[in-house]
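Below, each chain spelled out in residue letters.
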Amino acid sequence: MNKLRVLLVDDEIMIREGFKRLFDWEAHDCEVVGEAADGMEALAKIDTLRPDIVIMDINIPIMNGLKVIQLSRLKHPNTAFVIVSGYDDFSYCREALRLQITDYILKPVNYEEFGTCIDNLKISLFEQRVSVAAEPEKQEERTITGITRYLQEHLAEEISLSVLAEQFHLNPQYISQLFKSEIGVNFLAYLTNIRMEKAKKLLLSTSLSIAEVAEQSGYGDYRVFTKVFKKSEGVTPSQYRRDFLEAPGGAGHP
Amino acid sequence: MLRMEIALFMVLAFVASVYFSAGRKSTPLHRTFSVLLIVVLIHLLLDGVTVYTVYHLETVPRFLNDAVHRLFLGSMVLVIYLFYQYIAILVEEETGKPRRLDGPARIFLALAELGNFLLPISYTVAPEGNYSSGPYMLVPYGGVAFYLLLCAGLLAVNWKQIDQKKKRAIGAALLIEVTVCAMQGLNHAWLISGMGITLMTLSFYLTLENPDILRAELTEQKMSMLYLKSQVNPHFLYNTLDTIRIQAQLNGDKKVANLLMRLVDFFRLSVKVDRPMVSLDDELELLEAYMELMCYRYPELQCEYDIDPDLGGMQVPNFILQPIVENSLLHGLKNKGYRGQVLISARKTQDHRMEILVSDTGSGFAEGKKAAIDQMLLNFAKQPAKLEGNSIGILNVQKRIKLLCGPEYGLSYTENPTLGVTAHLLLPMKEDVQ
């Protein structure tokens, strides 16, 4: 898999420096290809550098981040945008969701946890590829889609590399490598991601209690579940449910 | 002869118009008083009507006279019953003891009304004045005596625990009411029962706590907090802190970076003072940031949480946990060199409320301190508002819970069997304001 190209947009040099030097881009198969300090510069750099991911502050000079996203969406529909904002105001968040940004994170940014955000991004890129390619061309592609489908169907159960190895008659190390090479994330990050997706779906579409959601998403202990969820989504499960149900027009989320 | 009835009616009509036009909180005491006001007004109206009809026995048809007299006496029993109910609720609020006599009082009310409407009625024409008489009035008069006795008993038994101003005003009015009733009983033609009733109602009105006063005080407090908030742009504050954090981390100082991160969290969450209610999750997040910073400053301080996950979405008054925990630290653990533990737990109670416990292993209450705190929390409404140093203080927490959730909720303290004290916050299980 090619390295993902990253553009950093923030008007504060320290924030850009922090992102550049405090997050291990190398370990996440990413590469910072450029920086921009205002909206116009960001637009120009998106055109010339063609980044895969844009890390974007909303409150930037000349043109705000949301406007930049709106404009560059037209030309570069496949670019992923991650909004980083100090305004933990849900109205911003809603507008950002309407622009189909990939993720929304709040300042202060915890660089250790930012890895989860990149992992999620890779997984959604992978899922995009799978859904686009109706006919998988390569053998490996079929294996990984088979494994991910199996995981989707069995995520409520106790699952590990060795369980997968038995199921698919493959070496656990090989499966581990497959995840790394095909999706770009390790097995556990992938499993956590799909479990969180399932949990979010259950939180918004059912009235199951938090403990029941935890169980159906593969967590026997709701305390562990709440911790993992908070770490991945920034809010607790009950807060997540509330935020979305409260938002006007947000209730129709699948 | 009718002049007194008209005057009394006008006095109470004026009271009612003032009372009903003011913004009120719906508490049992206020609800009872509202009903009482209306019933007393009807009663005084009937009082005037009966005084007229009883002096015109020849011109007013008998059935009409009977009807107004029975209605008049019926409303009188109801009024005195409501006096009892009001005093019972007041005693319950002031002492915390549950009311137990409501059942018998209601049965008695039904019996008295039945007797009043079924037993035969007659009229006495005497030189000193006309009045209704006969067996129909025996049961209601018994009822009046019964309720007045109950009222007096309730006041006397709980005399020490009731607020000075209230017990004096209501006690004096009750004494006059008993005297008036006794005089009316001795001389039926005097027709002065309305006086005692008006006086009682007035004494209730004058001692009734106006929730608007509490509300105004809180508004003032909120304004001063907003003022503080406006002095420093919070975004400037935490954006700058965040820049310093990144610089620290770039310099390789992870520890300082983490502390600044938590400080930013603390500020970010505490600038939400403009919302009266927040979710329990929000409160806990603020508390966690605060405790992490404190635990860093005092490494032997520990903090644990045991929160029922279903309660995370419950709405609680903003900024109630941090002051309580800060209080535990300053008054319990500081004296022990900040060595010890704070345990924060939240659970559902059996009667569908929520209880949050803040338990510390501190030095506990000093001699006599618990009684003083209990007294202060019990008489929260009469304590002057003050900001204790930088903290808002437990009294303010109590006031806001009472105002925003209702008088049945609130803060109390108990001593732990082994070490330290536990703060109990009793709150409603309210999912959302909308």
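Residues numbered from 1 in each chain as written. Chains lettered and ligands numbered in written order. Predicted model: local features only at pLDDT ≥ 70, side-chain atom pairs only at ≥ 80, totals over all residues. Heavy atoms only, no water.

**As for the overall build of chain A**
Regarding its fold elements, chain A presents twelve helices and five strands. In chain A, which comprises 254 residues, the proportion classed as buried is 48%. Put simply, of all contacts in chain A between residues at least 6 apart along the chain, 63% involve residues at least 24 apart. Accessible surface for chain A amounts to roughly 12600 Å². Of this, 50% is attributable to carbon and sulfur atoms. (Helix = DSSP H or I, 4+ residues; strand = E, 2+ residues; numbered from the N terminus. Buried < 20%, exposed > 50% of the residue type's maximum accessible area, 1.4 Å probe, protein only. Contact = heavy atoms within 4.5 Å. Areas by Shrake-Rupley, 256 points an atom, 1.4 Å probe, with all protein chains shown as cover.)

**Things to note about the overall build of chain B**
Counting its regular elements, chain B contains 14 helices and nine strands. The burial tally for chain B puts 50% of its 434 residues in the buried class. Pairs at least 24 residues apart make up 72% of the contacts formed inside chain B by residues separated by at least 6 positions.

**Considering the packing of helix 5 (residues 138-157) of chain B against helix 6 (residues 164-186) of chain B**
Residue and element names in this part refer to chain B. Where helix 5 meets helix 6, the closest approach of the two axes is 11 Å, and the angle between their N-to-C directions is 155°. By the angle class used here, helix 5 and helix 6 are roughly antiparallel. Here helix 5 runs over helix 6; the crossing is left-handed. Residue-level inspection shows Tyr141, Val144, Leu148, Cys151, Ala152 and Leu155 of helix 5 in contact with helix 6, the latter providing Ile170, Gly171, Leu174, Glu177, Val178, Cys181 and Gln184. Counted by class, the contact of helix 5 with helix 6 contains ten nonpolar, two polar and one charged residues. (Axes fitted to C-alpha atoms, helices over the stretch in contact; angles between N-to-C directions. Parallel < 35°, antiparallel > 145°, perpendicular 65-115°, else oblique. Left-handed = near helix turned anticlockwise from the far one by under 90°. Nonpolar A, V, L, I, M, F, W, Y, C, P; charged D, E, K, R; others polar.)

**Describing the interface of chain A and chain B**
Taken together, the contact pairs 27 residues of chain A with 26 residues of chain B. Looking only at chain A, the three residues that lose the most surface to chain B are Met14(A), Pro108(A) and Arg242(A), adding up to 26% of its buried area. Where chain A touches chain B, the interface holds zero salt bridges. By residue class, the composition of the side of chain A that touches chain B is ten nonpolar, seven polar and ten charged. (Buried area = accessible area lost by both parts, 1.4 Å probe. Salt bridge = Lys/Arg side-chain N within 4 Å of Asp/Glu carboxyl O.)

**Observations regarding a nonpolar patch on the surface**
A surface patch of nonpolar side chains, about 390 Å² in accessible area, is lined by Leu2(B), Ile6(B), Met10(B) and Tyr52(B). A residue is classified by how much of its surface remains accessible, and Leu2(B), at 30% relative accessible area, is partly exposed. (Patch = residues over 30% accessible without salt bridge, like charges linked within 9 Å, V, L, I, M, F, W, Y side chains within 5 Å.)

**Looking at unusual backbone geometry**
For residues besides glycine, phi is generally negative; the peptide bonds are generally trans as well. Positive phi is not limited to glycine here, since Ile62(A) has a value of about 70°. Mapping Ile62(A) onto the fold places it in the loop between strand 3 (53-57) and helix 3 (65-75). Given the relative accessible area of 66%, Ile62(A) is considered exposed. In this structure, Tyr338(B) is a non-glycine residue whose phi angle is positive, near 55°. For Tyr338(B), the location among the structural elements is in the loop between helix 12 (321-333) and strand 6 (340-348).

**Examining the pattern of salt bridges**
All names here are of chain A. Inspection of every chain in the model, using the stated rule, returns 21 salt bridges over all chains. Lysine 200 serves as the salt-bridge partner of glutamate 197, at 3.3 Å between the closest nitrogen and oxygen. You can see glutamate 197 and its partner lysine 200 sitting in helix 9 (residues 187-205), three residues apart, about one turn around the helix. Residue glutamate 197 is classed as partly exposed on the basis of its relative accessible area, which comes to 40%. Each member of the salt-bridge network shares a partner with another, and the members are Arg16, Glu17, Lys20, Arg21 and Glu35.

**A short note on the sheet that holds strand 5 (residues 103-106) of chain A**
The strands making up a sheet associate through hydrogen bonds between their backbones, and the pairing can be parallel or antiparallel. Residue and element names in this part refer to chain A. Read from one edge to the other, the open sheet built from five strands follows the order 2-1-3-4-5, with strand pairing classed as parallel. Each having just a single partner strand, strand 2 (30-36) and strand 5 make up the two edges of the open sheet. Averaged over all neighbouring strand pairs, the angle between strand axes comes to 20°, with direction disregarded. Contacts between helix 1 (residues 13-22) and the sheet are confined to strand 1 (4-9), strand 2, strand 3 and strand 4 (80-85), with strand 2 contributing the most and set at about 170° to the helix. (Pairing = 2+ DSSP bridges.)

**Examining the nonpolar core**
Residue and element names in this part refer to chain B. Residues Phe83, Tyr84, Ile87, Tyr147 and Phe204 are the most contacted members of the largest nonpolar core, which totals 54 residues. Residue assignment for this core shows that the elements contributing at least two residues are helix 1 (3-21), helix 2 (28-54), helix 3 (62-95), helix 4 (102-118), helix 5, helix 6 and helix 7 (193-207). It is helix 3 that contributes the most residues to this core, 16 residues altogether. One finds Ile307, Val342, Ile394 and Leu427 within the second-largest nonpolar core, a separate group that totals 47 residues. (Core = buried A, V, L, I, M, F, W, Y, C linked by side-chain atoms within 4.5 Å.)

**Re the side chain of Glu113(B)**
Take Glu113(B): it is sitting in helix 4. Not counting residues up to four positions away in its chain, the partners in contact with Glu113(B) are Gly74(B), Val77(B) and Leu78(B).

**A look at the sheet that holds strand 9 (residues 421-428) of chain B**
Residue and element names in this part refer to chain B. Pairing is mixed across the open sheet formed by five strands, whose spatial order is 4-6-7-9-8. Of all the strands in the sheet, the pair left with one neighbour each is strand 4 (301-307) and strand 8 (410-415). This sheet shows a mean twist of 15° between the axes of neighbouring strands, independent of strand direction. One ladder, built from seven bridges, connects strand 6 with strand 7 (residues 353-360); its direction is antiparallel. Bridged to leucine 343 within strand 7 is serine 359.

**Re the confidence of the model for chain A**
All names here are of chain A. Chain-level pLDDT for chain A is 81 on average; 86% of the residues reach the 70-or-more range. Looking across chain A, the model is least confident in helix 4 (residues 90-98), with a mean pLDDT of 64, and most confident in strand 1, with 93. Ignoring residues within four places in sequence, the model shows residues 249-254, a span with pLDDT below 50, making six contacts including any to other chains. (pLDDT = per-residue confidence, 0-100.)

**Regarding the environment of Phe187(A)**
Considering the arrangement of structural elements, one finds Phe187(A) in helix 9. Along the backbone, Phe187(A) and Leu161(A) are 26 residues apart, and their C-alpha atoms lie at a distance of 7.7 Å.

**Re helix 7 of chain B**
Residue and element names in this part refer to chain B. An ideal rise of 1.5 Å per residue puts 21 Å on 15 residues; helix 7 measures up with 22 Å between its terminal C-alpha atoms. Within helix 7, burial applies to Ser193, Gly194, Gly196, Ile197, Thr198, Met200, Thr201, Ser203, Phe204 and Thr207. Taken together, the buried residues of helix 7 touch helix 1, helix 2, helix 3 and helix 6. (Expected span 1.5 Å × (residues − 1).)

**What to know about the packing of helix 3 of chain B against helix 7 of chain B**
Residues and elements named next belong to chain B. Where helix 3 meets helix 7, the axes come as close as 11 Å, and the angle between the chain directions of the two elements is 30°. As judged from the angle between their axes, helix 3 and helix 7 are roughly parallel. For the element pair helix 3 and helix 7, the recorded crossing hand is left-handed. Along its contact with helix 3, which presents Phe72, Met76, Val79, Ile80, Phe83, Tyr86 and Ile87, the element helix 7 presents Ser193, Ile197, Met200, Thr201 and Phe204. Partitioning the contact of helix 3 with helix 7 into residue classes produces ten nonpolar, two polar and no charged.

**Quick word on the pairing of strand 2 of chain A**
Successive side chains on a regular strand alternate, one facing one side of the sheet and the next facing the other. All names here are of chain A. Sheet topology places strand 1 next to strand 2; six bridges connect them, and they run parallel. Counted as the bridge partner of leucine 4 is cysteine 30 from strand 2. In terms of handedness, the path from strand 1 via helix 1 over to strand 2 forms a crossover that is right-handed. (Right-handed = clockwise from strand over helix to strand, strands pointing away.)

**Points about helix 1 of chain B**
All names here are of chain B. Compared with the 27 Å implied by 1.5 Å per residue over 19 residues, the 27 Å span of helix 1 between its first and last C-alpha is a close match. The set of residues buried in helix 1 consists of Glu5, Leu8, Leu12, Val15, Ala16 and Tyr19. Axial view of helix 1: buried residues confined to an arc of 100°, hence all on one face. Exposed residues pointing more than 90 degrees away from the buried face of helix 1 are listed as Arg3, Met10, Phe14 and Ser21. (Arc of directions from axis to C-beta.)

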